[in-house]
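# Residue-level structure breakdown
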Amino acid sequence: MRFLLSAFFVLLLSQSIQAQEKIHWMSFEEAITKSKKEPRKIFIDVYTDWCGWCKKMDRSTFSDPSIVKYVNENYYAVKLNAESRKGIQFQGTTYDFISQGGKGYHELAATLLNGKMSFPTTVFIMVNKKEQLLAEPVPVPGFQDKKSMHLILSFIEEGAFENVSFNDYKEKYTSPYPKSK
């Protein structure tokens, strides 16, 4: 009986720890609402269900403890399915699914990606209390491993893109990961 109770508590504790090690994903609308009350940059993972590289980013990059911690502390994180059929309200406009034969795309994804539908793509936006964009969306296309994602997250969060080039920032950046040999 003691063994079963101990095993139960270990299982409960491990589930609790696992729950803490995930990015707090929210809907686009939730992120906009939160950002209007407590301003933060919004980190958007634009993906599709069929994209293998998107799934790899979920398994490797977005589950890495340093990435999880950095995103949860500094951003509102959104998962946006580029083929979602659910309408999304933003800036007084409803963005919908556009059907193209048997497939299609979501208008908001196309807008954020400047029409360049490539998956995965990470997009960064900032809005004010009136839901106005404070800068153009910054899409970063392609798979990003944990090291490159942390560098990009840091560069965007610190606002370095306003004052310094990415290459200059990269030279001074301190990675939380050990150097590869």
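All values derive from a computational prediction rather than experimental measurement.

As a further point, take the overall build of the chain. Counting its secondary structure elements, the chain contains eight helices and nine strands. Counting across all 181 residues of the chain, residues that qualify as buried make up 39%. For the chain, restricting intrachain contacts to residue pairs at least 6 apart in sequence, the fraction spanning at least 24 positions comes to 64%. As presented, the chain carries roughly 11,100 Å² of accessible surface, and 55% of it is formed by carbon and sulfur atoms.

In the structure shown here, the tally under the stated rule is twelve aromatic pairs. Among the aromatic residues, those joined into a cluster by ring pairs are Trp-25, Phe-43, Phe-62, Tyr-75 and Phe-124. Above the face of the Phe-143 ring, Lys-56 is positioned so that its terminal group lies 5.5 Å from the ring centre. The ring of Trp-25 is capped by Lys-79, whose NZ or CZ atom sits 4.6 Å from the centre of that ring.

Another aspect to go through is the state of the cysteines. What the rule picks out here adds up to one disulfide. The partner cysteine of Cys-51 in its disulfide is Cys-54, sulfur to sulfur 2.4 Å. When the S-S torsion is 85°, as for the bridge of Cys-51 with Cys-54, the disulfide is right-handed. Using a relative accessible area of 3% as the deciding quantity, one classes Cys-51 as buried. With relative accessibility at 4%, the residue Cys-54 sits in the buried group.

Glancing now at helix H6 (residues 146-157). When the terminal C-alpha atoms of H6 are compared, their 16 Å separation across twelve residues agrees well with the 16 Å that a helix rising 1.5 Å per residue should span. Considered for burial, the residues of H6 that qualify are Met-149, His-150, Leu-151, Ile-152, Leu-153, Ser-154, Phe-155 and Ile-156. Where H6 starts, the residue carrying a side-chain oxygen 3.2 Å from the main-chain nitrogen of Lys-147 turns out to be Asp-145. Among the residues trailing H6, Gly-159 stands out with phi positive, at a value near 70°.

This part covers the side chain of Ser-35. Tracing the backbone through its elements, the reader meets Ser-35 in helix H2 (residues 28-37). Note on Ser-35: relative accessible area 1%, which makes it buried. Discounting chain neighbours no more than four positions away, the residues touching Ser-35 are Arg-40, Ile-42, Tyr-76 and Val-127.

A few words on the confidence of the model for the chain. Counting all residues, the mean pLDDT for the chain is 89, and 88% of those residues have values of 70 or more. Within the model, the stretch residues 7-19 combines pLDDT values under 50 with zero contacts to residues more than four positions away or in other chains.

A few words now on helix H4 (residues 65-74). Burial in H4 covers these residues: Ile-67, Val-68, Tyr-70, Val-71, Asn-72 and Asn-74. Sitting at the head of H4, Asp-64 places a side-chain oxygen 3.1 Å from the backbone nitrogen of Ser-66.

Our focus in this paragraph is unusual backbone geometry. A cis amide bond, omega -5°, links Phe-119 with the succeeding residue Pro-120. Counting through the fold element by element, Pro-120 comes out in the loop between helix H5 (107-112) and strand E8 (121-125). The phi dihedral of Asn-114 falls on the positive side, at around 55°, and the residue is not glycine. Its place among the elements puts Asn-114 in the loop between H5 and E8.

Quick look at the sheet that holds strand E3 (residues 75-81) now. Hydrogen bonds along the backbone pair up the strands of a sheet, which may run parallel or antiparallel. On the basis of which strands lie adjacent, the open sheet formed by five strands has the order E1-E3-E2-E8-E9 and mixed pairing. Edge positions in the sheet fall to strand E1 (25-26) and strand E9 (138-141), since each of these pairs with one other strand and no more. Where E1 and E3 come together, two bridges link them in parallel fashion. From the neighbouring strand, Trp-25 faces E3, where its bridge partner is Ala-77.

Rules and cut-offs
- Residues numbered from 1 in each chain as written.
- Predicted model: local features only at pLDDT ≥ 70, side-chain atom pairs only at ≥ 80, totals over all residues.
- Heavy atoms only, no water.
- Helix = DSSP H or I, 4+ residues; strand = E, 2+ residues; numbered from the N terminus.
- Buried < 20%, exposed > 50% of the residue type's maximum accessible area, 1.4 Å probe, protein only.
- Contact = heavy atoms within 4.5 Å.
- Areas by Shrake-Rupley, 256 points an atom, 1.4 Å probe, with all protein chains shown as cover.
- Phe/Tyr/Trp six-rings, centres within 6.5 Å; stacked < 30°, edge-to-face > 60°.
- Lys NZ or Arg CZ within 6 Å of the ring centre and 35° of its normal.
- Disulfide = S-S within 2.5 Å.
- Expected span 1.5 Å × (residues − 1).
- Polar contact = N/O pair within 3.5 Å; in protein donor to acceptor, adjacent residues only side chain to side chain.
- pLDDT = per-residue confidence, 0-100.
- Pairing = 2+ DSSP bridges.

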